[in-house]
Amino acid sequence: MQQFALRQRDRGLRARLSLAIEGNGAFRRFRDLVHGGGVAEQWQIFSDDRRWGRARDALADAGIRVL
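Overview of the structure. Note that the structure is a prediction, hence the values are computed from the model and not measured.

### Topic: the pattern of salt bridges
Okay, step 1: Inspection of the entire model under this criterion finds three salt bridges.
Okay, step 2: Residues Asp32 and Arg28 are paired through a salt bridge, measuring 3.7 Å at the closest nitrogen-oxygen approach. Residue Asp32 and its partner Arg28 are located together in helix α3 (residues 26-36), separated by four residues, close to a single helical turn.
Okay, step 3: Between Arg51 and Asp48 there is a salt bridge, and its shortest N-O distance comes to 3.0 Å. Of this pair, Arg51 and Asp48 both sit in helix α4 (residues 40-61), three residues apart, which is roughly one turn of the helix.

### Concerning the environment of Ala55
Okay, step 1: Here Ala55 shows up in helix α4.
Okay, step 2: Here the alpha-carbon distance between Ala55 and Gly25, two residues 30 residues apart in the chain, equals 27 Å.

### Thoughts on the side chain of Gln8
Okay, step 1: Structurally, Gln8 can be placed in the loop between α1 (2-6) and α2 (11-20).
Okay, step 2: Not counting residues up to four positions away in its chain, the partners in contact with Gln8 are Leu13, Arg14, Leu17, Val39 and Gln42.

### A look at a nonpolar patch on the surface
Okay, step 1: A contiguous nonpolar surface patch, about 220 Å² in accessible area, is contributed by Leu59, Ile64 and Val66.
Okay, step 2: Position of Val66 relative to the elements: it lies in the segment after α4.

### Some details on the packing of aromatic side chains
Okay, step 1: Within the structure shown, the criterion is met by five aromatic pairs.
Okay, step 2: Centroid distance Phe4 to Phe30: 6.1 Å. Interplanar angle 75°. Geometry classified as edge-to-face. Of this pair, Phe4 sits in helix α1 while Phe30 sits in helix α3; the two residues are 26 residues apart in sequence, bridging distant segments of the chain.
Okay, step 3: For Phe4, a relative accessible area of 3% gives the class buried.
Okay, step 4: Seen from their ring centres, Phe4 and Phe46 are 5.5 Å apart, and the 55° between their planes marks the pair as tilted. Here Phe4 is found in helix α1, whereas its partner Phe46 is found in helix α4, with 42 residues between them in sequence. With respect to class, Phe4 is no different from Phe46; both count as buried.

### So, α2
Each full turn of the α-helix corresponds to 3.6 residues, which orients residues three or four apart in the same direction.
Okay, step 1: Taken residue by residue, α2 has Leu13, Leu17 and Ala20 as its buried positions. The buried side chains of α2 occupy one side of the element, clustering within an arc of 60° when seen end-on. Relative to its buried face, α2 has exposed residues pointing more than 90 degrees away, namely Arg11 and Leu19.
Okay, step 2: Residues of α2 that are buried sit in contact with α1 and α3.

Cut-offs applied
- Residues numbered from 1 in each chain as written.
- Predicted model: local features only at pLDDT ≥ 70, side-chain atom pairs only at ≥ 80, totals over all residues.
- Heavy atoms only, no water.
- Salt bridge = Lys/Arg side-chain N within 4 Å of Asp/Glu carboxyl O.
- Helix = DSSP H or I, 4+ residues; strand = E, 2+ residues; numbered from the N terminus.
- Contact = heavy atoms within 4.5 Å.
- Patch = residues over 30% accessible without salt bridge, like charges linked within 9 Å, V, L, I, M, F, W, Y side chains within 5 Å.
- Areas by Shrake-Rupley, 256 points an atom, 1.4 Å probe, with all protein chains shown as cover.
- Phe/Tyr/Trp six-rings, centres within 6.5 Å; stacked < 30°, edge-to-face > 60°.
- Buried < 20%, exposed > 50% of the residue type's maximum accessible area, 1.4 Å probe, protein only.
- Arc of directions from axis to C-beta.

This is how it looks when you write it as structure tokens:
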């Protein structure tokens, strides 16, 4: 979430996202801001890409080659 927040060009949104991920309730606040800020699709693509990257890394560590 922090990496996504830091990639935002809009300084205001970047600052709000960065604050949202601090403390209790961070996931809910972040999700609400992502959807309210109009960047839900960007977040989904970013999140999916990171998730696939972690999966590829885990498979590579296990000696499984993924194209």
